[in-house]
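# Coordinates in review
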Amino acid sequence: MLNDNNSELKKFHLFHSKPVFVPVSLIIWLFIMCLYEYLTYTDSILPILVRKQPLEVILPIFNQLFVALFFLFGITNIIIAIRYVIIKDKVKESELAILAQETPADWHPKVELLYTTYNDFIPYALAQCLKQTYDNTQGVILDNSTDPKYIKMIDDFVIAHPNVKLVRDSQNKHAKAGNLNNYLCNGTHDYDYFVILDSDELLENRFVEKCLKMFYYNNIGILQCNHISGQNSNSFMHTFSSSGNVFWPVQNVVRSAEGGWLNKTVSGVSVDQTGGALCIELGHGVMMSRECFEDIGQIPYAVAEDLCTSIEATLKGWNIKFASQIYGNEAFPVNMTALMIRSSKFCSANFEFFRKYASRIIKSKTLSLYQKIDLFCFTLSVPISAFQYISLIIVSILCPLLHIPLVTQLFMLVPVLVCYFSQTLVDSIFHLKNGMKFLDLLIYEVESMLLYGSFYFITVKSTILALMNKPAKFIVTPKVNECITFLHAIRNHYQGILFSIFTIIVCIAISGSCWVLLSFIPGCFGFLFEMQANHRTSEEQIKADKLQNYSDKALQVGNTETVNWND
């Protein structure tokens, strides 16, 4: 890292901006909420008070808390996308200016690639990651596997790649965080930076070289890099992977640019530029400096270890930034069950994060109010569908059952729809801009609505368990698809199907409204996407065979062939 006082290098700093997206989102949110609350008060709450039934007013007021959250989340989704369009070229220009520079010949830090695996080792992925243009790079396999098949596969890989270190955690505690700490916190190490890799991670060949330039020219402790969802070897993965290609840059470019700048001093942490958002490392494809890690002490023992690490680093005064022009490639969940497992894990993990860090975040003087609000919205992005379900139940069952007047049911459902379709709208705009045909886009949006609309049950279940303080569990997302029949799909998702059918029947029977079908019909038919993973086009079959072939070769001594990172 270089001293910021070096004026010759200031032009190579990452682009940064004053807070914009959160303040603008709050202004729009306050305006909409004032209008919505006025209509709700005059047409719903006031009639209740006139009837002198004050206890009944509690329910619609309670629902307004969810309404506020839905509008806030929906508005921030739209504003952050607009902000991204405005600044993305400037961000790209600043990054390319840095990447075009050279680092001094006498600056040659050692970088370790920490490949974490638990019964999901993918030989071609690690073999490709090791093909870095930067020569002072060391591969390290951190293995928690218990399956003999994967243990043997890893042993064979190390034989074929003798320069790769293998470290096994026999205790296998605390999942990914424990796996990393078992290596980083034990023994003497000579690394200067390390990169965290998930088992399906692919890195471009210049990944390490590019990241080091970002560290050299900027005062940062953690660098999160961009990702595309590739390696799509079946129709399910191919259909739904494109959403991640929009989410990663839109969300992270803005948070990085508006994340402010911190300065560590002898007396503590000073804020050079107040941040309006919080840039977060996402657990893989991320480089961290040794100084930053040793200051934190360890990777926090939590399911959302990446989010917790980000907070620990930020509170210690380390800057976290996002590199939109440095890429990794991750596999989209292989089937619907894998995607639901990931969503359930994220949901419970985010609640665990709130329990661990809410008090520290609120009291923090390092984080601005805008950053705290942004973190709040970001963390609730997964469990928010559970709150949507609760709001729908209030509007479509409880209020009609208790004869509590509403403006109209559709009016009361607007916040849910705004929240639900905000991300869909953003995806649609960027897909059209990237060349997707309008008809294909309509089909994709309908498929997405059916798929993600069927996640109510798993999200509500995870939320309830989390609120009951059931410990979050780190569940490895399955990487292999087994052929699923129609009966197997029903068996895997019967709880969600019954949950949706029961909700629809009760809502219609009590309120006589069919608007609820917009939210719960997907839960009745979404399970059909489980079988989509069974199908492969000829192109997808070629890719699947190709990737398997690369994995087989990666286990052979003397093989130098690796998969193209952007395949």
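Look above for the structure.
Summarised in this report is the structure supplied together with it. (Residues numbered from 1 in each chain as written. Predicted model: local features only at pLDDT ≥ 70, side-chain atom pairs only at ≥ 80, totals over all residues. Heavy atoms only, no water.)

### Section: a nonpolar patch on the surface
- A contiguous nonpolar surface patch, about 440 Å² in accessible area, is contributed by Ile78, Ile82, Ile86, Leu425 and Ile429.
- Within the residue set of the nonpolar patch, elements represented by two or more residues are α2 (58-99) and α14 (409-433).
- Tallying contributions element by element places α2 first for the nonpolar patch, with three residues.
- Inspection of the secondary structure assignment puts Ile86 in helix α2.
- The class of Ile86 is exposed, set by a relative accessible area of 53%. (Patch = residues over 30% accessible without salt bridge, like charges linked within 9 Å, V, L, I, M, F, W, Y side chains within 5 Å. Areas by Shrake-Rupley, 256 points an atom, 1.4 Å probe, with all protein chains shown as cover. Salt bridge = Lys/Arg side-chain N within 4 Å of Asp/Glu carboxyl O. Helix = DSSP H or I, 4+ residues; strand = E, 2+ residues; numbered from the N terminus. Buried < 20%, exposed > 50% of the residue type's maximum accessible area, 1.4 Å probe, protein only.)

### Re the sheet that holds strand β5 (residues 202-203)
- If you walk across this open sheet you meet the eight strands as β3-β2-β1-β4-β9-β6-β10-β5, and the pairing is mixed. Every interior strand has two partners, whereas the edge strands, β3 (165-168) and β5, have only one.
- In the sheet, strand β2 (residues 137-143) pairs with β3 via four bridges, with the strands oriented parallel. Along β3, the bridge assignment pairs Asp143 with Arg168.
- In the packing of helix α5 (residues 175-184) onto the sheet, the strands contacted are β1 (111-117), β2, β3 and β4 (193-197), and the crossing angle to β1 comes to about 140°. (Pairing = 2+ DSSP bridges. Contact = heavy atoms within 4.5 Å. Axes fitted to C-alpha atoms, helices over the stretch in contact; angles between N-to-C directions.)

### Points about the side chain of Glu204
- Tracing the sequence through the fold places Glu204 in the loop between β5 and α6 (207-217).
- Here the side chain of Glu204 touches Lys210 through a polar contact of 2.9 Å, side chain to side chain.
- At 2.7 Å, the side chain of Glu204 forms a polar contact with the backbone nitrogen of Tyr327. (Polar contact = N/O pair within 3.5 Å; in protein donor to acceptor, adjacent residues only side chain to side chain.)

### Some words on the pairing of strand β6 (residues 222-230)
- Most of β6 is tucked away: eight of the nine residues are buried.
- Direction of pairing for β6 relative to strand β9 (residues 286-289): antiparallel, over a ladder of three bridges. Looking at β9, one finds that Gln224 is bridged to Val286.
- In this structure, β6 lies alongside strand β10 (residues 320-331), joined through nine bridges in parallel fashion. Paired with His227 across the two strands is Gly328, which belongs to β10.

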